[in-house]
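# Reading the structure
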Amino acid sequence: MKYSYISPRKKNVISSELQLLFSFFGITLFMLFLTYFFLVFKDYRFEQNTQEIIQKRAEVESNIVNMKKQITFIEKEVLLCERINTKNTVLKDSIANLFDLVPQRITLSEASLLKNGLILHGITPNKDVYNFMLQAPLRSIFNRTYSSFYPAPNGWLKFVSTNYIDEDEMQTDAVKSDKEEAGSKDED
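Computed from a prediction, not measured in an experiment: that's the story for all the values here. (Residues numbered from 1 in each chain as written. Predicted model: local features only at pLDDT ≥ 70, side-chain atom pairs only at ≥ 80, totals over all residues. Heavy atoms only, no water.)

## Focus on the overall build of the protein
Applied cut-off: Numbering goes from the N terminus for both helices and strands, where a helix is a DSSP run of H or I of at least four residues and a strand is a run of E of at least two. Using a 1.4 Å probe on the protein chains alone, a residue whose accessible area is under 20% of its type maximum counts as buried, one over 50% counts as exposed, and one in between counts as partly exposed. Only heavy atoms matter for contacts: two residues are in contact if any of them lie within 4.5 Å across the pair. Computed with the Shrake-Rupley method and a 1.4 Å probe, the accessible areas treat only the protein chains shown as cover for residues.
Within the protein one finds 3 helices and 4 strands. Counting helices and strands in the order they occur from the N terminus, the protein gives α-β-β-α-β-β-α. Burial statistics for the protein: of 188 residues in total, 13% are counted as buried. If you take every contact in the protein between residues at least 6 apart in sequence, the share linking residues at least 24 apart comes to 46%. Split by element, the accessible area of the protein, about 16,100 Å² in all, is 60% carbon and sulfur.

See the structure below:
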């Protein structure tokens, strides 16, 4: 027996409204999980980048320390080079001044520079020319001066003159010159 004029519809346990609601909840949950995994991935990448940056920073700092050491070494080398250049210039001028001291009547055959002295070998017409023209200037420069004469075949005299500056006086002169150099650098 039939009590209705319409044919019965199939009834579902889940209605279309509930299906729509579950779809929205499913999509929302999917989007939340997707966002969560995206943030976890970004956090992982951020930590990796942070570690890489820390490593690079440590390398850069060690490179900076090495470069500072190299700069210090190079600066010391430059100062040493300047000192050597200055000493060479002074030595060159001293040698030129030494040869300017030698009069024309005296001929030098050898000149040896020592750390604290000078040895000259040469020929002079007589002792008086040597004593007045060469030994007097040498005595004004050096603390101790010794001379030996030997007869030469041509009637002149060969001589060997050894001249020394005392060590303590050399040290005080070196300290004075270092102080003068430091004072001139401070003025610059």
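There's plenty left to go through after this.
## Focus on the packing of aromatic side chains
Inclusion rule: Aromatic pairs are defined between Phe, Tyr and Trp rings, using the six-membered ring for Trp, whenever the two ring centres lie within 6.5 Å; interplanar angles under 30 degrees are classed as stacked, those over 60 as edge-to-face, and all others as tilted.
This model, assessed by the stated rule, comprises 3 aromatic pairs. Look at Y130 and F149: their rings are 5.2 Å apart centre to centre, the planes differ by 85°, and that puts the pair in the edge-to-face class. With Y130 in helix α2 (residues 127-141) and F149 in strand β3 (residues 144-151), this pair connects stretches of sequence that are 19 residues apart. The exposure class of F149 is partly exposed, given its relative accessible area of 22%. Arranged with centres 4.8 Å apart and planes meeting at 45°, the rings of Y130 and F159 form a pair that is tilted. Taken as a pair, Y130 in helix α2 and F159 in strand β4 (residues 157-164) lie far apart in primary sequence, 29 residues in all. In terms of burial, Y130 and F159 fall into one category: buried. Members of the aromatic cluster, joined through ring pairs, are Y130, F149 and F159.

## As for a nonpolar patch on the surface
Stated formally: Note on patches: the residues involved have over 30% relative accessible area and no salt bridge, like charges join within 9 Å, and the nonpolar side chains Val, Leu, Ile, Met, Phe, Trp and Tyr join within 5 Å. Each reported salt bridge corresponds to a side-chain nitrogen of Lys or Arg within 4 Å of a carboxyl oxygen of Asp or Glu.
Together, V13, I14, L18, L21, F22 and F25 make up a nonpolar patch on the protein surface, roughly 600 Å² of accessible area in all. Structurally, the position occupied by F25 is in helix α1 (residues 16-101).

## A short note on the side chain of N163
The cut-off we apply is this: We call two N or O atoms a polar contact when they sit within 3.5 Å, provided that within protein one can donate a hydrogen and the other can accept it, with sequence-adjacent residues counted only if both atoms are side-chain atoms.
Considering the arrangement of structural elements, one finds N163 in strand β4. Within polar-contact distance, the side chain of N163 engages the side chain of S161 at 3.2 Å.

## Observations regarding α2
Using the following cut-off: Residue count minus one, scaled by 1.5 Å, sets the expected span of a helix. What the bend at a residue measures is the angle between two axes, fitted to the seven residues ending there and to the seven starting there.
The first and last C-alpha atoms of α2 sit 20 Å apart over 15 residues, in line with the 21 Å expected at 1.5 Å per residue. By the largest-angle criterion, Q135 marks the main kink of α2, which is about 45°, and a proline, P137, follows within four residues. Along α2, the residues classified as buried are V129, Y130, L134, Q135, P137 and L138. Tucked into the core, α2 has its buried residues touching α1, β2 (117-124), β3 and β4. One side-chain oxygen of the residue at the start of α2 lies 3.2 Å from the amide nitrogen of D128, identifying that residue as N126.

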